[in-house]
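Listed below, chain by chain, are the residues.
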Amino acid sequence: MHNPSATLLIIDDDDVVRASLAAYLDDSGFKVLQAPNGPRGVELFDAEHPDLVICDLRMPQMDGLELIRLISERQADLPVIVVSGAGVMSDAVEALRLGAADYLIKPLEDLAMLEHSVRRALDRSRLRLENRRYREQLETANRDLQASLHLLQEDQDAGRQVQMNMLPVTPCNLDEFQFAHQIIPSLYLSGDFVDYFRVDEHRIGFYLADVSGHGASSAFVTVLLKFMTTRLLYESRRGRALRAFKPSEVLDHINRGLINCKLGKHVTMLGGVIDQERNLLHYSIGGHLPMPVIYADGVARYLEGKGLPVGLFVEATYDNYEIELPDSFSLTLLSDGILDLLPGDTLKEKEAGLPGLIREAGGTLGGLQRVLGLADLEDMPDDIALLVLSRNLA
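Summarised in this report is the structure supplied together with it. Nothing here was measured: the structure is a model prediction, and the numbers come from that model.

## What to know about the sheet that holds strand 16 (residues 384–391)
Here we have six strands laid out as an open sheet, ordered 6-7-16-15-12-13, and antiparallel in their pairing. In the strand order of this sheet, the two ends are held by strand 6 (172–174) and strand 13 (299–302), each with one partner. The average angle at which neighbouring strand axes cross in this sheet is 20°, direction not considered. Where strand 12 (residues 293–296) meets strand 15 (residues 329–334), three bridges bridge the pair, whose relative direction is antiparallel.

## Quick notes on the sheet that holds strand 3 (residues 52–55)
Strand order across the open sheet formed by five strands is 2-1-3-4-5, with parallel pairing between neighbours. Since the sheet does not close on itself, it has two edges, and those belong to strand 2 (31–35) and strand 5 (102–105), each with one partner. Strand-to-strand, the axes of this sheet are offset by a mean angle of 20°, without reference to chain direction. With five bridges joining them, strand 1 (residues 7–11) and strand 2 adopt parallel strand pairing. Its bridge partner being in strand 2, T7 is matched across the sheet by K31.

## Some words on the nonpolar core
If you look at the biggest cluster of nonpolar residues, it comprises 58 residues, and the most contacted ones within it are F179, F206, V267, I274, L281 and L331. For this core, the element with the highest residue contribution is helix 7 (residues 215–238), accounting for eight residues. Dropping the residues within four chain positions of it, L281 is found in contact with F206, G272, V273, I274, L303, Y321, E322, I323, L325 and L331.

## Section: the packing of aromatic side chains
Given two aromatic rings, their pairing is described by the distance between the two centres and the angle made by the two planes. Taken as a whole and judged by the stated rule, the model has five aromatic pairs. For the pair F177 and F329, a centre-to-centre distance of 6.4 Å together with 65° between the ring planes defines the contact as edge-to-face. Of the two residues, F177 is situated in strand 7 (residues 177–184) and F329 in strand 15; the sequence distance between them amounts to 152 residues. By relative accessible area, which is 1% here, F329 ends up buried. An aromatic cluster is built from F179, Y196 and F206, whose rings are joined through pairwise contacts.

## A few points about the environment of G305
Residue position: G305 is located in the loop between strand 13 and strand 14 (321–324). A relative accessible area of 28% places G305 in the partly exposed class. With 17 residues separating them in the primary sequence, G305 and E322 have C-alpha atoms 10.0 Å apart. Here G305 is in contact with I285, M291 and Y321, once residues within four sequence places are set aside.

## Here's the deal with the packing of helix 3 (residues 64–74) against helix 4 (residues 89–97)
When two helices pack together, you describe them by how their axes are tilted relative to each other and by the distance separating the axes. It is at 10 Å that the axes of helix 3 and helix 4 come closest, and there the two elements cross at 5°. Classified by the interaxial angle, the pair formed by helix 3 and helix 4 is roughly parallel. Two secondary-structure elements touch here, helix 3 through L65, I68 and R69 and helix 4 through D91, E94 and A95. Tallied by class, the residues present in the contact of helix 3 with helix 4 amount to three nonpolar, no polar and three charged.

## Side note on the packing of helix 2 (residues 38–48) against helix 3
Here helix 2 crosses helix 3 at 15°, and the two axes come no closer than 11 Å. Considering their axes alone, helix 2 and helix 3 lie roughly parallel with respect to each other. Relative to helix 3, helix 2 is oriented so that their crossing is right-handed. Between helix 2 and helix 3, the residues in contact are G38, V42, F45 and D46 and L67, L70, I71 and R74, respectively. Among the residues forming the contact of helix 2 with helix 3, the class breakdown is five nonpolar, one polar and two charged.

## Remarks on helix 9 (residues 347–360)
Helix length check: helix 9 (14 residues) gives 20 Å between terminal C-alpha atoms against 20 Å at 1.5 Å per residue, within 8%. Taking the largest bend as the criterion, helix 9 deviates by roughly 30°, centred on L354, and proline P355 comes between one and four positions later. Within helix 9, the full set of buried residues consists of K350, E351, L354, P355, L357 and I358. Next to the buried residues of helix 9 lie strand 12, strand 13, strand 15 and helix 10 (365–371). Phi turns positive one or two residues past the end of helix 9, at G362, with a value near 70°.

## Some words on the pairing of strand 13
Looking at chain direction, strand 12 and strand 13 are connected through four bridges and run antiparallel. Counterpart to I294 in the pairing with strand 13 is R301. The hairpin turn running from strand 12 into strand 13, its antiparallel successor, is two residues long, and D297 in that turn takes a positive phi close to 55°.

## Details of the environment of Y24
Tracing the backbone through its elements, the reader meets Y24 in helix 1 (residues 15–27). Take Y24: its relative accessible area is 27%, and that puts it in the partly exposed class. Distance in space between the C-alpha atoms of Y24 and L114 is 9.6 Å, their sequence separation being 90 residues. If we skip the residues at most four places from it in the chain, Y24 touches L111, A112 and E115.

The rules we used
Residues numbered from 1 in each chain as written. Predicted model: local features only at pLDDT ≥ 70, side-chain atom pairs only at ≥ 80, totals over all residues. Heavy atoms only, no water. Pairing = 2+ DSSP bridges. Helix = DSSP H or I, 4+ residues; strand = E, 2+ residues; numbered from the N terminus. Axes fitted to C-alpha atoms, helices over the stretch in contact; angles between N-to-C directions. Core = buried A, V, L, I, M, F, W, Y, C linked by side-chain atoms within 4.5 Å. Buried < 20%, exposed > 50% of the residue type's maximum accessible area, 1.4 Å probe, protein only. Contact = heavy atoms within 4.5 Å. Phe/Tyr/Trp six-rings, centres within 6.5 Å; stacked < 30°, edge-to-face > 60°. Parallel < 35°, antiparallel > 145°, perpendicular 65-115°, else oblique. Nonpolar A, V, L, I, M, F, W, Y, C, P; charged D, E, K, R; others polar. Left-handed = near helix turned anticlockwise from the far one by under 90°. Expected span 1.5 Å × (residues − 1). Bend = angle between axes of the 7 residues up to and from the residue.

This is the structure in structure tokens:
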């Protein structure tokens, strides 16, 4: 939505028209400045920095086209609306070519048309500004992260320390919920990553991500993921964006960010938010296998859901799924490296046996470590990540 307190500058040599437009827009909630000619309008523009300019074309001392040129030189993206009685097609074309957001012909029989044009131009200007800032943030982050990748490649020990420092404490209690994780890299640095954190006093967020490839380049993307989710959390707490902090919106944000960074990497991931007030789990799937397994009352089963990998497709969309949480349960998230440890000759056979192993493990990380023999692993072909969250699990 537009800013209701936006400042408008009206430049018109017709005192009656100018006052009429100003009175209407002032009643609509805008702050309105007035100038009777182009030079005075430029002075006010430089002094007050309005959000939008409304000007006539035919004025003494300085015509509207020259005024638009001067404004564009000072602030290229500032919206300008021309309100003119000239009605000359060549003038309208030239004004729009110079960057005018709209061209309205006097007399305006319904001033609501002008208000609609103002609001539409302000909305477009806001979106352009937000997109530019977003691109600048991504470019800055990309430069910083490319430098980080260089350091990771030069110094694997330092890189591993950086990556380990980004991981959350394990085990960790967030109110009645317990979180525990383990990451086993196939190389010195891992492309698997987990995180869990408090969104606000009533919500807890978590995710498990599996970056394509291995080693330093994949570990670099886990740094980017941490940056993106931390930034989103900051934005959410400030109430500027994603106030609902829906998992699908988080995955969509990361998808666009990875594509814009052009790193040649994609991620499969699972993201969830626990709503403690409503005792609900909201989650979204980004092309990840195996699916999360919920264990309660001695029964282990896969959660439902699907979605495209993150960072591959511009048009990808992500769905939110919702389940009510049992009083006593665990939820196990695993990267696909775990499939190399499971019995069975095919992916279908391996996936079919996983819930039974989680049931045998009692739904705990310690039980899985024992059942799968994670303490004795050597020379794994892929990274392995495990994240288990639970409540009231005996």
